[in-house]
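# Structural description and commentary
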Amino acid sequence: MNPVNYLYLAALLFTIGAAGVLIRRNAIVVFMCVELMLNACNLAFVTFSRMHGNLDGQIIAFFTMVVAAAEVVVGLAIIVSVFRARHSASVDDASLMKL
Amino acid sequence: MSFPLLTLTAAVPAAGAILTAAVPAARRTAAKWLALLVSLATLVLAAVVFVRFEPGGERYQLTESHAWIKDFGVRYELGVDGIGVALIALTALLIPFVILAGWHDADPLETKSSRWRPTQGFFALILMVEAMVILSFEATDVFLFYVLFEAMLIPMYFLIGGFGDRAHSGSDENAAAQRSYAAVKFLLYNLVGGLIMLAAVIGLYVVAGNFSLTEIAEARANGTLEMATNTERLLFLGFFFAFAVKAPLWPLHTWLPNAMGEATAPVAVLITAVVDKVGTFAMLRFCLGLFPEASKWATPAIIVLALISIVYGALLAVGQRDIKRLVAYASISHFGFIILGIFAMTTQGQSGATLYMVNHGISTAALMLVAGFLISRRGSRLIADYGGVQKVAPVLAGTFLIGGLATLSLPGLAPFVSEFLVLVGTYARYPVAGIIATTGIVLAALYVLVLYQRTMTGPVKEEVRELPDLRVRELAVVVPLIAVLIFLGVFPKPLTDVVNPAVQHTMSDVQQKDPQPTVPNVEAAQ
Amino acid sequence: MENLIALLVGAPLLGAAVLLCGGRRLDKSGHWLGTLLAAVSFVIGLALFADMLGRSADDRAMYQRLYTWIPVEGFQADIAFQLDQLSMTFVLLISGVGTLIHVYSIGYMEHDERRRRFFGYLNLFVAAMLLLVLADNYLLLYFGWEGVGLASYLLIGFWQHKPSAATAAKKAFIVNRVGDMGLSIAIMIMFTTFGTFTFGPVLASTGEASQGTLTAIGLMLLLAACGKSAQVPLQSWLGDAMEGPTPVSALIHAATMVTAGVYLIVRSADIFNAAPDAQLVVTIVGAVTLLFGAIVGCAKDDIKKALAGSTMSQIGYMILAAGLGPIGYVFAIMHLVTHGFFKAGLFLGAGSVMHGMNDEVDMRKYGGLRKYMPVTFVTFGLGYLAIIGFPGLSGFFSKDKIIEAAFAKGGTEGWILGAVTLLGAAITAYYMTRVMLMTFFGEKRWENDPDGNPPHPHESPKSMTIPMILLAVGSVAAGAYFEFAGFVEWLEPVTGFAHGHSPLSAATVTAATVAVMVIGVGLAYLQYGRRPVPVVAPRGSLLTRAARRDLLQDDFNHAVFVTGGTHVTRSLVYVDHTLVDGVVNGTAAAVGGLSGRLRKLQNGYARTYAVSMFGGTAVLIAATLLMRAV
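Residues numbered from 1 in each chain as written. Chains lettered and ligands numbered in written order. Predicted model: local features only at pLDDT ≥ 70, side-chain atom pairs only at ≥ 80, totals over all residues. Heavy atoms only, no water.

Residue and element names in this part refer to chain B. Relative to strand β2 (residues 74-80), strand β1 (residues 61-69) runs antiparallel, the two sharing 6 bridges. Residue pairing across strands places I69 opposite V74, the latter belonging to β2. In textbook terms, the turn of a hairpin is the stretch between consecutive antiparallel strands, and for β1 and β2 this stretch comprises 4 residues, one of which, G73, has a positive phi near 70°. (Pairing = 2+ DSSP bridges. Helix = DSSP H or I, 4+ residues; strand = E, 2+ residues; numbered from the N terminus.)

Looking now at the confidence of the model for chain B. In low-pLDDT segments, the atomic positions of the prediction should not be examined closely. On average, residues of chain B score 87 in pLDDT, and 96% of them reach the 70 mark or higher. Mean pLDDT in chain B bottoms out at helix α21 (residues 522-525) of chain B, which sits at 46, and peaks at helix α13 (residues 323-344) of chain B, which reaches 93. (pLDDT = per-residue confidence, 0-100.)

Moving on to the packing of helix α17 (residues 414-429) of chain B against helix α19 (residues 472-490) of chain B. All names here are of chain B. Between α17 and α19, the least distance of the axes is 6 Å, while the angle of their chain directions is 45°. When the axes of α17 and α19 are compared, the pair comes out oblique. Of the residues in α19, those touching α17 at A414, P415 and V417 are L485, L488 and G489. Looking at side-chain class alone, the contact of α17 with α19 contains 5 nonpolar, 1 polar and no charged residues. (Axes fitted to C-alpha atoms, helices over the stretch in contact; angles between N-to-C directions. Parallel < 35°, antiparallel > 145°, perpendicular 65-115°, else oblique. Contact = heavy atoms within 4.5 Å. Nonpolar A, V, L, I, M, F, W, Y, C, P; charged D, E, K, R; others polar.)

Residue and element names in this part refer to chain C. Between its terminal C-alpha atoms helix α16 (residues 374-388) stretches 21 Å, which fits the 21 Å expected from 15 residues at 1.5 Å a residue. Among the residues of α16, those classed as buried are T376, T379, F380, G381, G383, Y384, A386, I387 and I388. The secondary structure elements touched by the buried residues of α16 are α14 (303-323), α15 (329-356), α17 (394-408), α18 (411-440), α19 (462-485) and α21 (506-529). Taken from the residues just after α16, G389 is the one with a positive phi, measuring 85°. (Expected span 1.5 Å × (residues − 1). Buried < 20%, exposed > 50% of the residue type's maximum accessible area, 1.4 Å probe, protein only.)

Moving on, we come to the interface of chain B and chain C. Many authors give the size of an interface as the accessible area that is lost as the parts come together. Taken together, the contact between chain B and chain C spans 67 residues of the former and 56 residues of the latter. A buried area of about 5,300 Å², summed over both sides, lies between chain B and chain C, and 70% of it is on carbon and sulfur atoms. Taken together, the links from chain B to chain C amount to 1 salt bridge. When the shortest N-O distance is used, the salt bridge between C:E113 and B:K391 registers 3.7 Å. (Buried area = accessible area lost by both parts, 1.4 Å probe. Salt bridge = Lys/Arg side-chain N within 4 Å of Asp/Glu carboxyl O.)

What follows deals with the side chain of C:Q279. By the secondary structure assignment, C:Q279 is in helix α13 (residues 276-299). The residues touching C:Q279, leaving out its near neighbours within four places in the chain, are C:F272, C:N273, C:G323, C:L324, C:G325 and C:Y329.

Each partner contributes to the interface: chain C provides 8 residues, whereas chain A provides 13 residues. For the pair chain C and chain A, the summed buried surface comes to about 940 Å²; carbon and sulfur atoms form 65% of the total. Between chain C and chain A we count 0 salt bridges in total. Tallied by class, residues from the side of chain C that touches chain A come to 5 nonpolar, 2 polar and 1 charged.

What follows concerns helix α18 (residues 431-456) of chain B. In an α-helix, one turn spans 3.6 residues, which is why side chains three or four residues apart end up on the same side. Residue and element names in this part refer to chain B. Between the first and last C-alpha of α18 there are 38 Å, a value that for 26 residues agrees with the 38 Å anticipated at 1.5 Å per step. In terms of burial, α18 is largely enclosed, as 19 of its 26 residues are buried. Following α18 by one or two positions, G458 has its phi on the positive side, about 85°.

Residue and element names in this part refer to chain C. Among the secondary structure elements, G367 is positioned in the loop between α15 and α16. Distance in space between the C-alpha atoms of G367 and V533 is 8.7 Å, their sequence separation being 166 residues. Those residues in contact with G367 that sit more than four places away from it in its chain are M438, T439, F441, G442, E443, K444, R445 and W446.

The subject of this paragraph is the pairing of strand β2 (residues 75-83) of chain C. Residues and elements named next belong to chain C. Across the 9 residues of β2, 8 count as buried, placing the element largely inside the fold. Bridge count for strand β1 (residues 62-72) against β2 is 9 bridges, and the pairing is antiparallel. The residue of β2 that forms the bridge with Y63 is Q82. Between β1 and the antiparallel strand that follows it, β2, lie 2 residues; G74 among them carries a positive phi value of about 80°.

Time to look at the side chain of B:D509. All names here are of chain B. Its place among the elements puts D509 in helix α20 (residues 493-509). D509 sits in the buried class, given a relative accessible area of 18%. Setting aside its immediate chain neighbours within four residues, D509 contacts R59, L288, G289 and P292.

Applying the stated criterion across every chain, the model contains 25 salt bridges over all chains. Of the charged contacts in the structure, one is a salt bridge between C:R364 and C:D301, with a shortest N-O distance of 2.8 Å. Note that C:R364 is positioned in the loop between α15 and α16 and C:D301 in the loop between α13 and α14, a separation of 63 residues in sequence. C:R364 sits in the buried class, given a relative accessible area of 4%. With a relative accessible area of 13%, C:D301 lands in the buried category. Each of B:E262, B:D322 and B:R381 takes part in a single network of salt bridges with overlapping partners.

Written as structure tokens, this is what we have:
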């Protein structure tokens, strides 16, 4: 099967993720969409690794997973504490910088 | 390693500024005396520089050079030529009188508590300005000059905004608003100019690879550093714009009347007689020295602007109702003469322009400080509030008249020599410009004499009937200035001796020769 | 002997410095010091004169060089003096008449509390005037030129508490500055043409310069002369200058300073000789002023302003003569000197009359004073006879020569100029007779002063009458002395001299001059001697009314320059505030408005920031791809 199709899929997933990040208000959903974007990148890395015949892409994909895991830990903790403080998980409510 | 004389001339007032600022709040008078002594010490050092400088020697003398920011080739490089020496002497000469004239300008108002500190700040800031101005006349590193050029805005900003003229019309809040408007306007104008200059400074580094004035000028002269015509012109414009704001040249002049009107008279003198001179000085040293071809290219436009400044400033001075704004517009007219002289590119014009910088400093100081004494007595800056002062305070009126006569360039007083040189130098190359500039002498007579007539002559107004004449401290300010004006008016040789070789160097920078007389061999007929 | 030249200037200069800086300590003795130092100048002048007479005619010029004034490459201006026969004539006139007027002022200013300062200013004037005539280059001459302008300003405005005096002083200085502009432009042209402005080299090389250049220099010098010598169109200040104390009017605005323009033209003779066009303009200016001043003089009721009109007119004669070239220079100077005597005498007489009449200046309120002030009457009368050209008195010799030279100009010009000078002589006789009759003859028309004190006309003190007597002697004898002692031969080495070929014989001209004088005197006698003089001036004809207002020239100046100028400056102040400042403030406002808009983007919503990051990244990637594609 032509590996380019995987790239199309990755682009599609990335776009869905990005749209979610930009449009949705719920912090959890935004968070999940960020994960989706990260995994879309992972898919692209692995595909490139296959296409170029070396392992660099796969190694970076592992790195991404580790970073994503760390991010989930910190991010979820922040979301939970924000939710406790404001009783809302909407990103728009956390706009202290706004005048 | 020779003795760092030049650094010392700037370090002494800088250290003095810090010491003055550190004087305890209650010891106000001690701070004043300290500031005065420091300024006198600086004057002595400047005199040493003046004497040690050999007019016939190297172009830049008493040089010092240390690495400063190695990665960018920025050096702490000092050196003076004749023009710098003359202006250092002017600055060091004027500051003691500025301090003495402003002796009570920053005294606490009765409503303030005894912990009020700005008196110390006022004198510390003046010394700080002195240090920076002197150092900027000495800097031969473009970057160092730029830093000083911008840094001196900070103390000036506080001097204008923080210590306003107590003689104002309207409420205190209104006056404070006007003052901060003037200070912000001063700062913004000069910052914009400075930013454009910064771009040009960086551009120069990109082209030349270092910041040293002497090295770049040398490389340009012997052809190892080629600049594309457009690059040179853009860089020139960047530098010139900053200097034209500071000088100030029409139409970038509008900050000056506000700043001089709102500041106290000594600070106004500091602005127009000292700080603004950095602008015209830099035109001579940096614009002509680094970009000779572009200077020649821009000359016609600059001459037109200078002529507009001369006539326009003088006409506006005639129409002013406020004494200090009148002097400010008169200064704009005089700066027009200075810039005209610089860009006429003749020996007489440039010597005249350099002398003009010195003479204008002294004459404006004399006129403005006496005006300040007058204003502080009556509490008003409006010309219409005075009349008949001559009868009540003849010495004040007499010194005011001499200051005015110097401003209108009466022969026998120093400004005549410089103004005439500028006119002759301009006429030799651009006859029409010379004739237009000559109308300035009629207009100068108009604004000076109208001012004198309205304030000093006529029936004595009720409000000025009790005006005291000049006091000893005030006489100590005015008399030496007038003595210098007369001395340099009849015997300017000490100054021209120093200035002439520097002008020759500048003339060879721009590769210009004086126009020759059309009738040759006059000497033979003699 | 040469080394004494600087002392000529130095002595009065020292006096000015001491008197002006000396303070009240000198109030009691200051006037003696001032007079003494002026006299010192005169004595030195006499000594130098004696020395000069002892030399041969070609070897009389003396030089003294003090130091280089403005040493700039290619531009050497020296403080250096040149004393030749022309300068010598002026030195004696200035210091001699000057000393007499110092003496006169001792009495005249006796009750003025600022007398010390008055003498300081007078000394300053004498110093500057001597510097003017002794300078050996045009720039130093300019120094003196402006110096006398300053002294004139200070002295016209001496009674500064009077707004009219302060205004007159300012006006005199500013109008003079217009003339000074001419002088500085002339010096600039000289410098670019000859590379120097020292008299010797400039005047020696006029032959090599182009006609156009020389004409330009000549016209600019003429402009300067017009300002200083109150010639049309810059004459308007002289009438107002009579606000000054009378000794000032006598010394500065009659005898010496106002004649500086004539000196300048005669000194620059070589330039004018080589520029006939400029010479023609000089004669026209002289002729116009000669009539202008005379007409104004006929209409004024203020005794000093009538004399000022006369001064203007007499200087018109001199300028006209100077414009005639070598046939006229000597006579211009000769008339200048005789005029210095009789006009100073007339002014001092007028001052003496005012002194006795509570400072009244309106001649309609005089009358019949000859019995009360005999000395003043006799000295004034001699001055009067001299100025109208009564045969045998000094004015007769000098004016007659000018009229003769005007005819000798030749061609139509000569006839016109000759006719004008003759007409001027008639009008001179008319207005001077009018002054004489209104003041010393007829009924008493005295009025009380504003405080209600009736005038007590009395003869003035000795300190005032003695100078008047000496000047009267000069007015009588100077002309004949010059005529027979060889004034022409004395000045010829400096100014050059040529005999004109008049179409009329000398005797005819003299007869005509005497005839027109008699007509003028007769007319005035019919009008003012036979009939009583009304105390309130009659309305008069259109010309009279115009002449009272200086032929409307002042109104023109006021409308065009003062009112127009005020409007220009007012509107410029407005433009500066709204337009020039407005552009900058507008830029600032625009930046402010833009930043207000941009601020709205920073709304604090994380998603908005995310959009901008995303958009930015997208743009970057697109740009990168595009660049690679290209």
